[in-house]
Each structure stands twice: as structure tokens, then as C-alpha cells.
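The residues making up each chain are set out below.
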Amino acid sequence: MRWYAISIGNYFNFNGRARRREYWIFLLVYSIMTIVFGALDIILIAAGIFPFFIFLSIIALFHFVPLWSVSVRRLHDIDRTGLWLLSPSFFSIIGWFLLWVGYSSLSLIWLFTILGFICFFVSFGLQITIFVFMCLDGTKGYNASGPSNKYDEKGNLLKY
């Protein structure tokens, strides 16, 4: 829970570095909360008390910014830019646009459909790449985002 509290404490902090433990514990706690409150919402909707997923919506809105900030800081820990998080969305939007253009001009539908699906495959590959990045150990010592919170400048593990 300490690592989750650290992530929530850095709500709007997109600078610095986040360890793997901080990122994955935050994601674990967020996932458990989503499952628990989603089940509660389903029970309340089935009972006719609420017409929509109210608790799940509150949890998602509360965690939206901290999820992005801890993800950006996690990428900073491995000396990558936070723009990596936007790249899958960029290719997905281009893919949808190409499919829309293809279906509006029926003469070149096959070309735009193929290009659209290529963009979707690139987006999926980028999502896998980001997942691998989140699993990598941070750079030892200093990098462009500051000092490591796991290693000292000589590469020795810090004690907590």
C-alpha cells in the first residue's frame, strides 16, 4: 500500500522517476479496486438502485491522472520519454481515419483498409513494446530525469 500511496501523492507529478515496484503495485491496487467496485456496481444495477456504473466511474476518474503520471515517470526511469504512451493512440486514430476514408471512397477501399489494419497492428506492437518497457529495470545512477531512487551513482542498490 505504501507504493500506491506514493503514486497517489505524486498525483500531478510527471517529472522524475518511478520504480517498477511503484508502477506495478499502483496498477495492482487500481485493478483490485476496479474489480471490487465493478462487482458492487453490477449488484446495485441489478437491484435497480443505480442506472449506471457510478462507483466504477468515480474510481476511473480519480485514477486517470495518477495512472498517466506514474506511467510517464516509469518510462523516465528507463530513460524513455513519456510520449511513448501516446504513440499507440496516434496509430489507432490514423487507422480509423484510413478506414473511414476507404469506406467513403469505394474505388480505393482495399488500399485504405489494408493501410488502416497496418496502423492497428503497429499500434498493437507499440502497446507490447510499452509493456516490455514497464518490465525493464531502471537505469542505474543519473539519467535525463534525475537520480535513481533504487541505485546510487556507483550502481549499488540503495537500502530502504
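Please read these numbers as outputs of a predicted model, since none were measured by experiment. (Residues numbered from 1 in each chain as written. Predicted model: local features only at pLDDT ≥ 70, side-chain atom pairs only at ≥ 80, totals over all residues. Heavy atoms only, no water.)

Colleague: Is there a simple way to explain the side chain of Asp-77 in this structure?
Modeller: Tracing the chain through its elements places Asp-77 in helix α3 (residues 54-77). A polar contact is formed between the side chain of Asp-77 and the side chain of Arg-74, at a distance of 2.7 Å. Setting aside anything within four residues of it in sequence, one finds Asp-77 in contact with Arg-17, Ala-18, Arg-19, Gly-138, Thr-139 and Asn-143. (Helix = DSSP H or I, 4+ residues; strand = E, 2+ residues; numbered from the N terminus. Polar contact = N/O pair within 3.5 Å; in protein donor to acceptor, adjacent residues only side chain to side chain. Contact = heavy atoms within 4.5 Å.)

Colleague: I'm lost on helix α5 (residues 109-135) in this one. Help?
Modeller: Think of an α-helix as turning once every 3.6 residues; residues three or four places apart then point the same way. Over its 27 residues, α5 runs 39 Å from end to end, which matches the ideal 39 Å to within 8%, given 1.5 Å per residue. Those residues of α5 that sit buried are Phe-112, Thr-113, Gly-116, Cys-119, Phe-120, Ser-123, Leu-126, Ile-130, Phe-133 and Met-134. The secondary structure elements touched by the buried residues of α5 are α2 (20-46), α3 and α4 (87-104). (Expected span 1.5 Å × (residues − 1). Buried < 20%, exposed > 50% of the residue type's maximum accessible area, 1.4 Å probe, protein only.)

Colleague: Even after reading the chapter, I still don't get the nonpolar core, so can you show me in this structure?
Modeller: The nonpolar side chains of a soluble globular protein tend to be buried, and buried together. Membership of the largest hydrophobic core comes to 13 residues, with the highest contact counts inside it found for Val-70, Leu-75, Leu-85 and Met-134. Looking at this core, the elements that each hand over two or more residues are α2, α3 and α5. Ignoring sequence-local partners within four residues, the contact set of Leu-85 consists of Trp-68, Ser-71, Val-72, Leu-75, Ile-130 and Met-134. (Core = buried A, V, L, I, M, F, W, Y, C linked by side-chain atoms within 4.5 Å.)

Colleague: Please clarify how the packing of aromatic side chains should be interpreted in this entry.
Modeller: How two aromatic rings sit relative to each other is given by the distance of their centres and the angle of their planes. All told, the structure shown has 14 aromatic pairs when counted by the stated rule. Here Phe-37 and Phe-55 contribute two aromatic rings whose centre-to-centre distance is 6.2 Å and whose plane-to-plane angle is 50°, an arrangement assigned as tilted. Taken as a pair, Phe-37 in helix α2 and Phe-55 in helix α3 lie far apart in primary sequence, 18 residues in all. With relative accessibility at 29%, the residue Phe-55 sits in the partly exposed group. (Phe/Tyr/Trp six-rings, centres within 6.5 Å; stacked < 30°, edge-to-face > 60°.)

Colleague: Before we go on, may I ask you to explain the layout of surface pockets in this structure?
Modeller: Regions of empty space are outlined by a rolling probe, equal in size to a water molecule, passed over the atoms. The space that makes up the largest pocket amounts to roughly 260 Å³. Lining of the largest pocket is provided by 17 residues; of these, Tyr-23, Trp-68, Ser-71, Leu-85 and Ile-130 occupy positions nearest its centre. Sorting the residues of the lining of the largest pocket by element identifies α2, α3, α4 and α5 as the ones contributing at least two each. Counting residues per element, the lining of the largest pocket draws most heavily on α3, which supplies six residues. Class assignment for the residues of the lining of the largest pocket results in 13 nonpolar, four polar and no charged. (1 Å grid on protein atoms, 1.4 Å probe; cavity = no way out; pocket = protein on both sides within 12 Å on 5 of 7 lines; lining within 4 Å. Points joined across faces, edges and corners; volume = space filled by probe spheres on them. Nonpolar A, V, L, I, M, F, W, Y, C, P; charged D, E, K, R; others polar.)

The values are spatial; any link to function lies outside them.
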